[in-house]
Amino acid sequence: MKKIFTSSWGQLEKGGSNVGDEAIFVSQIRDLSTIDQVQIGVLSAVPVKTEKIYGARGFDVGRGRLRAMVRGVRWSDIVIVGGGELAQDRSSLLYTPFNLHPIRLAKRYRKPAFAWSVGIGQGEELARWTPGQLKKWLGYCSGVTVRDGPSYDTLMGLGLDPSKVKLASDSTFTLAGDFAQLHGSPEVLGVALRNVSNRQGRLLPLELRRKLGLYRKPDRSAQRKVWAGLLDRHIETHGGEIRFFPFHTGSLSNSDDEECIAVMSMMEHSEHASVVMPTDIRSFLNSISECRLLVTVPLHGSILSVVTGTVPIAVPYASKGFRFMDEVGLSDLTVDTGAPDWPDRLWDLLERTWESSRDILQDIAGKRSQLAEKSTVTLDLFRSTCL
């Protein structure tokens, strides 16, 4: 029996969820389960639930995530880091060191390591010492796959062995085959919001700053009012339904459901809106697939829109959002909130895209198939380098 420990999250938070991380974990489970005689382990706040739903052993983070990580690495035969954004130093200067720590432990305990479909922050998103750490620890890995071109170029620029680093796509594209029929409802507009005011390059993550009394909640009423006005205008123009999708709920970051509910409460036409809570990943993805468009701040809103056959309009807060939309050939469906007139730009883009969504969906279908094919690179490299 081959024991594989992955640093993805299997139900990390009690009473919370991270749809992007959970979708990545689901895709990893699907790929790794094709290997004969394999047992998968993962960090979890609810180990019993993780084993019941996914058949994976959960290493309980209740007494500390680092302690659970050590137990998982020592138990394993192979250590996986990722997928998702492996390195960025905007939300916390501890983010990248924490994500790389399983590789350090793998080396300490003489276990092979593999980086699974990861993303790398760009430019000022990385602290000056992070590239050296990436070179050292990803250089230890038996194989590395990355989900976008700029991440690949970054690692090649660090001098990593090109035979060990391959360009793939986000691992969730292995789920694309579950959504063969692309038929978003003509009446439903999806919206995924996020409060990213904590991304200021602080040392401590938001969760710890809250516990230590170092965090002061900012006044977001002005930004929320802009979103509420835009969505009311859409209802007045097109009718139909608004569905809010909180991709992250819980205490580890600002909770998206709080943001969605606050915006909905400001809407004059809130009777036409609802919040789809991520209680079940399959139902959540099915609900996205029923939308004509999804206007999304989180990266995995864009990714899972394409996976499920829905047209995304991205309002990114980091380069990873722009990188993905460029990778999928939809860079013209992005709005940069750094521009002072971004609400007007977003409205104009929403209007144009609403009318042409069917044509765009046909264009997406071909690229979606290509990304689904590229996602198989990760498992192929894992098999050839770790088994």
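Residues numbered from 1 in each chain as written. Predicted model: local features only at pLDDT ≥ 70, side-chain atom pairs only at ≥ 80, totals over all residues. Heavy atoms only, no water.

Q: Mind showing me how you'd approach the layout of surface pockets here?
A: Picture a little ball the size of a water molecule; that probe, rolled over the atoms, points out where space is still empty. Each pocket or cavity is described by its volume, and for the second largest pocket that value is around 350 Å³. V196, V297, P316, Y317 and T337 are the residues nearest the centre of the second largest pocket, which is lined by 18 residues in total. Class assignment of the residues belonging to the lining of the second largest pocket gives a composition of 10 nonpolar, 4 polar and 4 charged. (1 Å grid on protein atoms, 1.4 Å probe; cavity = no way out; pocket = protein on both sides within 12 Å on 5 of 7 lines; lining within 4 Å. Points joined across faces, edges and corners; volume = space filled by probe spheres on them. Nonpolar A, V, L, I, M, F, W, Y, C, P; charged D, E, K, R; others polar.)

Q: Explain the sheet that holds strand β10 (residues 241-244) to me, please; I cannot follow it from the model alone.
A: To summarise the sheet geometry, strands pair through backbone hydrogen bonds and adopt either a parallel or an antiparallel arrangement. Strand order across the open sheet formed by 5 strands is β12-β10-β9-β13-β14, with parallel pairing between neighbours. Edge strands, defined here as strands with exactly one partner in the open sheet, are β12 (273-275) and β14 (311-314). Taken pair by pair, the neighbouring strands of this sheet meet at an average axis angle of 20 degrees, ignoring direction. Here strand β13 (residues 293-296) pairs with β14 via 4 bridges, running parallel. Each bridged residue has a counterpart across the sheet, and for L293 the counterpart in β14 is V311. (Pairing = 2+ DSSP bridges. Helix = DSSP H or I, 4+ residues; strand = E, 2+ residues; numbered from the N terminus. Axes fitted to C-alpha atoms, helices over the stretch in contact; angles between N-to-C directions.)

Q: Where do I start with the nonpolar core in this structure?
A: Note on soluble globular proteins: their nonpolar side chains tend to be buried together. By size, the foremost hydrophobic cluster in this structure holds 78 residues, and its most contacted members are W227, F244 and F382. With 10 residues, the single largest contributor to this core is helix α13 (residues 342-374). If near-sequence neighbours (up to four positions away) are discounted, W227 is found in contact with V191, L193, V263, V295, V297, V315, W342 and L346. Of all hydrophobic cores here, the second largest spans 32 residues; its members include M69, V81, A113 and L160. (Core = buried A, V, L, I, M, F, W, Y, C linked by side-chain atoms within 4.5 Å. Buried < 20%, exposed > 50% of the residue type's maximum accessible area, 1.4 Å probe, protein only. Contact = heavy atoms within 4.5 Å.)

Q: Can you walk me through the pattern of salt bridges in this structure?
A: Opposite charge on two side chains permits them to pair, given that their charged atoms come into close proximity. One pass over the full model with this rule turns up 13 salt bridges. Of the charged contacts, one joins R30 and D178 as a salt bridge, the two residues approaching to 2.9 Å between their closest N and O atoms. Of this pair, R30 sits in helix α1 (residues 19-32) while D178 sits in the loop between β8 (165-167) and β9 (188-192), and the two are 148 residues apart along the sequence. Exposure remark for D178: the relative accessible area of 35% places this residue in the partly exposed category. Ionic pairing is found between D256 and R194, a salt bridge with its closest N-O pair at 2.8 Å. In this pair, D256 sits in helix α9 (residues 256-266) while R194 sits in the loop between β9 and α7 (206-211), placing the two residues 62 residues apart along the sequence. An identical accessibility class is assigned to D256 and R194; each is buried. Connected through shared salt-bridge partners, E85, R147, D148, D170 and R323 make up one network. (Salt bridge = Lys/Arg side-chain N within 4 Å of Asp/Glu carboxyl O.)

Q: Would you take a moment to explain a positive patch on the surface for this structure?
A: Together, R57, R63, R67 and R71 make up a positively charged patch on the protein surface. Secondary-structure assignment places R67 in helix α3 (residues 65-75). Given the relative accessible area of 46%, R67 is considered partly exposed. (Patch = residues over 30% accessible without salt bridge, like charges linked within 9 Å, V, L, I, M, F, W, Y side chains within 5 Å. Areas by Shrake-Rupley, 256 points an atom, 1.4 Å probe, with all protein chains shown as cover. Lys, Arg positive; Asp, Glu negative; His and termini not counted. Charge placed at Lys NZ, Arg CZ, Asp CG, Glu CD.)

Q: Is there a simple way to explain α3 in this structure?
A: In an α-helix, one turn spans 3.6 residues, which is why side chains three or four residues apart end up on the same side. All buried positions along α3 are accounted for by A68, M69, G72, V73 and W75. Along α3, the residues classed as buried sweep out an arc of 160 degrees about the axis, all on the same side. (Arc of directions from axis to C-beta.)

Q: Looking at this model, I keep getting lost on the packing of aromatic side chains. Mind explaining?
A: For any pair of aromatic rings, geometry is given as the distance between the ring centres together with the angle between the planes. The full count for this structure, using the stated rule, is 10 aromatic pairs. Ring plane angle 80 degrees and centroid distance 5.1 Å describe the contact between F25 and Y54, whose orientation is recorded as edge-to-face. Here the residue F25 occupies a position in helix α1, and Y54 occupies one in helix α2 (residues 47-54), the gap between them amounting to 29 residues. Relative accessible area serves as the criterion here: at 0%, F25 is assigned to the buried category. You can call Y54 buried: its relative accessible area is 15%. Ring pairs connect the aromatic residues F5, F59 and W75, which therefore count as one cluster. Looking at R292, its charged tip hangs above the ring of W354, at a distance of 4.4 Å from the centre. (Phe/Tyr/Trp six-rings, centres within 6.5 Å; stacked < 30°, edge-to-face > 60°. Lys NZ or Arg CZ within 6 Å of the ring centre and 35° of its normal.)

Q: Would you mind going over the pairing of strand β4 (residues 57-60) with me for this structure?
A: Along a regular strand, successive side chains alternate from one face of the sheet to the other. Looking at chain direction, strand β3 (residues 38-44) and β4 are connected through 4 bridges and run parallel. Paired with V42 across the strands is G58, a residue of β4. Traced from β3 through α2 to β4, the parallel crossover comes out right-handed. (Right-handed = clockwise from strand over helix to strand, strands pointing away.)

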